[in-house]
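Structure at a glance
Residue-level listing of the chains:
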Amino acid sequence: MTEQSSNQMWGGRFAAGPDAIMEAINASIGFDQRMAAQDIAGSRAHAAMLAATGVITDSDAKAIREGLLTVLSEIERGEFQFSTALEDIHMNVEARLKEIIGEPAGRLHTGRSRNDQVATDFKLWVRDQLDAAETGLLALIRALLAQAEAGADWVMPGFTHLQTAQPVTWGHHMMAYVEMFGRDLSRVRDARARMNESPLGAAALAGTSFPIDRDMTAKALGFDRPAANSLDAVSDRDFALEFLSAASICAMHLSRFAEELVIWSSAQFRFVTLSDRFSTGSSIMPQKKNPDAAELIRAKVGRIFGANTALMMVMKGLPLTYSKDMQEDKEQVFDAADNWMLALAAMEGMVRDMTGNRESLAAAAGSGFSTATDLADWLVRVVGLPFRDAHHITGALVALAESKGCDLPDLSLDEMQSAHAGITQDVYSVLGVENSVNSRMSYGGTAPTQVRAQIERWKANLA
């Protein structure tokens, strides 16, 4: 494939070739070659349809389809010579196809434009990434379910403001992330269903006068239906924006969990031990075990958020239909997809391999007056106080325990009764963290029986 052949692709409109600067700014082959498989799949479907509708002969369609497989094989083996002078993956493939099969290659582009071709290729590529994201999310959810099941009754502190709030269970905490990533899974599936309409056959913007069968190509490429409006079909990039939006929300969830793993694996917490597979050492401090995988997941959010914003900015001012600005729709999506898939795989590996330190979790669960709310609830339920009064009395007892350097269960009954005479020995039954978590039996609560019920619900949903 020669550089000189490139100007001929444009026909006779331009007498002189582009200079080096224009060639450089105009070319997208440096990144859109990643869509080679999708481009060839779309072209093979288009050629088969052109033959079925009588637009081209069966022999030409056969030559085109076989020639395209040869091109794909060359690309997959790393033998294909990509040319920036040929601008993009579509023209690179077509030029090489002409070298292989000759004149029939020129009939492939009948009834379509690069506008609907690139929209089709990009949709197919994004759809593949949504499928990969679904696979990654399912693996992560299953890893979290395994952790939740193993520690359904392990006590640990629950936090607000990163301060000890109330005791919860390890299983309950893991299941919180199952719910988060479950919503991400729903968004991925929803986006895939909505974007699964074929742009192919919309041509440049107005459709085509050739008797094409758009339902045939849509079915061949796994789309549910053809896109209903040719103007919208070539100008739509909502599917890429939805992909980036879903990726951004999921990346935020990944980052929140990564932040917890960084904190939990520190010497100050010791809640979890991360495996050596997802940790690194220090070049100077031999005792260090750094949670680098979690930190890198946390950092990758910026790139994914940035991609989402960048594509929004590209699209926000474009009149219908296609503008060359839309060539800038792919690099950020490619980068975001790479980083999202990597972050999902790394988090799944960390969760599957990590060890929860049950003793450290339990020791921390009882610190920071974590059962204060249980005391207030007991005063309401047993003594019959209004909650605001119970809250005030409990606060006074917390202050007393704090001044004595002890926790609430360590106060004597006399000291308890100094705050309210109605307090009895029974109050100590609610001040243990085990009793606290077991009492939270409301739907969605932290009681182990509730946690196990949610685990079974999720297992059934996944099955």
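Bear in mind the structure is a predicted one, so any value in this text is a computation, not a measurement.

Moving on, we get to the overall build of the chain. Helix and strand counts for the chain come out as 19 helices and six strands. Over its C-alpha atoms the chain spans a radius of gyration of 31 Å, topping by over 25% the 23 Å that the globule rule assigns to 463 residues. Seen through its C-alpha atoms, the chain measures out along the principal axes to roughly 100 × 50 × 40 Å. The 463 residues of the chain split such that 49% are buried. Contacts spanning at least 24 positions in sequence make up 74% of the contacts within the chain whose residues lie at least 6 apart. Accessible surface for the chain amounts to roughly 21,400 Å². Of this, 53% is attributable to carbon and sulfur atoms. Separation of charge centres in the chain, based on 43 positive and 59 negative side chains, amounts to 2 Å.

Attention now goes to the pattern of salt bridges. Summed over the entire model, instances satisfying the criterion amount to 29 salt bridges. The shortest N-O distance in the salt bridge between Asp329 and Lys330 comes to 2.7 Å. Given the relative accessible area of 0%, Asp329 is considered buried. With its nearest N and O atoms 2.6 Å apart, the salt bridge here joins Arg352 to Glu348. Of this pair, Arg352 and Glu348 both sit in helix 13 (residues 331-353), four residues apart, which is roughly one turn of the helix. Using a relative accessible area of 17% as the deciding quantity, one classes Glu348 as buried. Connected through salt bridges with shared partners, the residues Glu87, Asp88, Arg114 and Lys324 form a single ionic network.

All chains considered together, the criterion is met by twelve aromatic pairs. Each ring, one from Phe122 and one from Phe334, has its centre 6.4 Å from the other, and the planes form 85°; the classification is edge-to-face. Within this pair, whereas Phe122 is found in helix 7 (residues 114-150), its partner Phe334 is found in helix 13, the two being separated by 212 residues in sequence. For Phe334, a relative accessible area of 3% puts it in the buried group. Between Trp170 and Trp264 the ring centres are 5.8 Å apart and the planes differ by 40°, which places this aromatic pair in the tilted class. Highlighted residues: Trp170 in helix 8 (residues 170-195) and Trp264 in helix 11 (residues 238-264), separated in sequence by 94 residues. Considered together, Trp170 and Trp264 belong to a single accessibility category, that of buried residues.

Of all residues except glycine, most have a negative phi; of all peptide bonds, most are trans. In the segment running from Leu320 into Thr321, the intervening peptide bond is cis, with an omega of 5°. In this structure, Thr321 sits in the loop between helix 12 (292-315) and helix 13. A positive phi angle, close to 60°, is found at His161, a residue other than glycine. Position of His161 among the secondary structure elements: in the loop between strand 1 (155-160) and strand 2 (163-169). Backbone geometry places Arg270, a non-glycine residue, at a positive phi of 60°.

Let's shift gears to the side chain of Lys123. Along the chain, the position of Lys123 falls in helix 7. The buried charged residue Lys123 lacks any salt bridge partner; its closest oppositely charged side chain belongs to Asp236, at an N-O distance of 4.1 Å. A distance of 3.0 Å separates a polar side-chain atom of Lys123 from the backbone oxygen of Met195. Sequence-distant contacts of Lys123, defined by excluding residues within four places in its chain, comprise Met195, Glu197, Pro199, Phe223, Asp236 and Phe239.

The next point concerns the environment of Ala202. In this fold, Ala202 is placed in the loop between strand 3 (197-198) and helix 9 (214-220). C-alpha separation for the pair Ala202 and Gln117, spaced 85 residues apart in sequence, amounts to 8.9 Å. Those residues in contact with Ala202 that lie beyond four places of it in its chain are Asp116, Gly207, Arg214, Ser230, Ala233 and Val234.

Attention now goes to the environment of His391. Tracing the backbone through its elements, the reader meets His391 in helix 16 (residues 387-404). Residue His391 is classed as partly exposed on the basis of its relative accessible area of 46%. Each C-alpha atom, one on His391 and one on Leu379, is 8.8 Å from the other, the two residues being twelve residues apart in sequence.

Moving on to the pairing of strand 2. Sheet analysis places strand 1 next to strand 2, joined by six bridges and oriented antiparallel. Paired with Gly158 across the strands is Gln166, a residue of strand 2. Connecting strand 1 to the antiparallel partner strand 2 that follows it, the hairpin turn spans two residues, and His161 within it adopts a positive phi of roughly 60°.

On the surface, Leu205, Leu231 and Leu320 cluster together into a nonpolar patch covering about 270 Å² of accessible area. Here Leu320 lies in the loop between helix 12 and helix 13.

It is worth spelling out the side chain of Ser248 at this point. With respect to the secondary-structure elements, Ser248 resides in helix 11. At 2.8 Å, the side chain of Ser248 and the backbone oxygen of Leu244 are in polar contact. Excluding residues within four positions of it along the chain, Ser248 makes contact with Ile304, Phe305 and Asn308.

About the criteria used
- Residues numbered from 1 in each chain as written.
- Predicted model: local features only at pLDDT ≥ 70, side-chain atom pairs only at ≥ 80, totals over all residues.
- Heavy atoms only, no water.
- Helix = DSSP H or I, 4+ residues; strand = E, 2+ residues; numbered from the N terminus.
- Rg over C-alpha atoms; globule rule 2.2 N^0.38 Å.
- Buried < 20%, exposed > 50% of the residue type's maximum accessible area, 1.4 Å probe, protein only.
- Contact = heavy atoms within 4.5 Å.
- Areas by Shrake-Rupley, 256 points an atom, 1.4 Å probe, with all protein chains shown as cover.
- Lys, Arg positive; Asp, Glu negative; His and termini not counted.
- Charge placed at Lys NZ, Arg CZ, Asp CG, Glu CD.
- Salt bridge = Lys/Arg side-chain N within 4 Å of Asp/Glu carboxyl O.
- Phe/Tyr/Trp six-rings, centres within 6.5 Å; stacked < 30°, edge-to-face > 60°.
- Polar contact = N/O pair within 3.5 Å; in protein donor to acceptor, adjacent residues only side chain to side chain.
- Pairing = 2+ DSSP bridges.
- Patch = residues over 30% accessible without salt bridge, like charges linked within 9 Å, V, L, I, M, F, W, Y side chains within 5 Å.

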